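Each chain is listed here by its residues.
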Amino acid sequence: KNEVEQSPQNLTAQEGEFITINCSYSVGISALHWLQQHPGGGIVSLFMLSSGKKKHGRLIATINIQEKHSSLHITASHPRDSAVYICAADGGAQKLVFGQGTRLTINP
Amino acid sequence: SQTIHQWPATLVQPVGSPLSLECTVEGTSNPNLYWYRQAAGRGLQLLFYSVGIGQISSEVPQNLSASRPQDRQFILSSKKLLLSDSGFYLCAWSVAWGIETQYFGPGTRLLVL
């Protein structure tokens, strides 16, 4: 069993839909990261959180430390949101353990 | 502002040949530096990290090595490439203290034939 599990692995939705991607982890963490990987491979850090909730534009990330679970939400999804979304657990010393990623496709 | 560079962008190498991938960071001092690999169909995996010049920690046993000859330069090497070394290699940096965001380079796509 992976230390960081994401669901779903693949997600296809229509433009405008509300998107939720889930991440569960089994290790103790100091922070949980959400990353976005574009089709060309480049990775952008979206959020780093250790408690509660963070919002940036149409993106919202939440974490429940007791349940070892985090979610990434996208409101009013757009085709340009199509990418692979990766959660990563920082177990300490900034050494990240990654989930397998969720491939999101938003159709116009 | 800080930027991170990696080169080459793509590389095709025969089995048994040597490898050198370079990563440099601009606009910051004494960063933590990381090498990750993403094999085809698999998730990202931390290979090496460095908290300072000459200080390298390896996370997984493998055919690769890393060096940090200067504060903002991180090099990934191999003496003899294996087919299993193929993948997408990403360098990243973070501020050297606390719980910090990691910033990723553009990556090098390596194909070993």
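Structure's up top.
Participant: Outline the environment of K79 of chain B, listing residues and values.
Facilitator: All names here are of chain B. If you trace the backbone, K79 turns up in the loop between β8 (73–78) and β9 (87–94). Given the relative accessible area of 77%, K79 is considered exposed. Considering only alpha carbons, one finds K79 and S29, 50 residues apart in sequence, at a separation of 30 Å. Excluding its chain neighbours within four sequence positions, the residues that come into contact with K79 are G16, S17 and P18.

Participant: Could you give me a rundown of the interface of chain A and chain B, with the residues and numbers involved?
Facilitator: Every contact between the two is made by 18 residues of chain A and, on the other side, 24 residues of chain B. Carbon and sulfur atoms make up 55% of the surface buried where chain A meets chain B, a total of about 1,600 Å² over both sides. The closest approach of N and O atoms between K95 of chain A and E59 of chain B, which form a salt bridge, is 3.8 Å. Along the contact surface separating chain A from chain B lie 3 residue pairs in polar contact (both at pLDDT 80 or more). For the side of chain A that touches chain B, the elements supplying multiple residues, two or more each, are β4 (31–37), β5 (43–49), β9 (83–90) and β10 (96–98) of chain A. Considering every element that reaches the side of chain A that touches chain B, the biggest residue donor is β4 of chain A, with 4 residues. Class assignment of the residues belonging to the side of chain A that touches chain B gives a composition of 7 nonpolar, 9 polar and 2 charged.

Participant: Which residues make up the sheet that holds strand β6 (residues 52–56) of chain A, and what values go with them?
Facilitator: Residues and elements named next belong to chain A. With antiparallel pairing, 5 strands are arranged side by side in an open sheet as β1-β3-β8-β7-β6. Edge positions in the sheet fall to β1 (4–7) and β6, since each has one partner strand and no second. For this sheet, the mean inter-axis angle between neighbouring strands, taken without regard to orientation, is 15°. Note: strand β3 (residues 19–25) against strand β8 (residues 69–74), 6 bridges, orientation antiparallel. Residue pairing in the sheet places N22 in a bridge with S71 of β8.

Participant: Quick one: what's the story with the side chain of S94 of chain B, residue by residue and with numbers?
Facilitator: Relative to the elements of secondary structure, S94 of chain B occurs in strand β9. Among the polar contacts listed, one links the side chain of S94 of chain B to the side chain of Y34 of chain B, at a separation of 2.9 Å. When residues no more than four places from it in sequence are discounted, the contact partners of S94 of chain B are Q94 of chain A together with P31, N32, Y34, E100, T101 and Q102 of chain B.

Participant: So what's going on with the pairing of strand β3 (residues 19–26) of chain B? Which residues, and what values?
Facilitator: The two faces of the sheet receive side chains in turn, since in a regular strand these alternate between them. Residue and element names in this part refer to chain B. Burial analysis of β3 places 6 of its 8 residues in the buried class, the great majority of the element. Pairing geometry for strand β1 (residues 3–7) and β3, over 5 bridges, is antiparallel. Bridge assignment links I4 to a residue of β3, and that residue is V25.

Calculation rules
- Residues numbered from 1 in each chain as written.
- Chains lettered and ligands numbered in written order.
- Predicted model: local features only at pLDDT ≥ 70, side-chain atom pairs only at ≥ 80, totals over all residues.
- Heavy atoms only, no water.
- Helix = DSSP H or I, 4+ residues; strand = E, 2+ residues; numbered from the N terminus.
- Buried < 20%, exposed > 50% of the residue type's maximum accessible area, 1.4 Å probe, protein only.
- Contact = heavy atoms within 4.5 Å.
- Buried area = accessible area lost by both parts, 1.4 Å probe.
- Salt bridge = Lys/Arg side-chain N within 4 Å of Asp/Glu carboxyl O.
- Polar contact = N/O pair within 3.5 Å; in protein donor to acceptor, adjacent residues only side chain to side chain.
- Nonpolar A, V, L, I, M, F, W, Y, C, P; charged D, E, K, R; others polar.
- Pairing = 2+ DSSP bridges.
- Axes fitted to C-alpha atoms, helices over the stretch in contact; angles between N-to-C directions.

Function-wise, these values are silent; they only describe arrangement.
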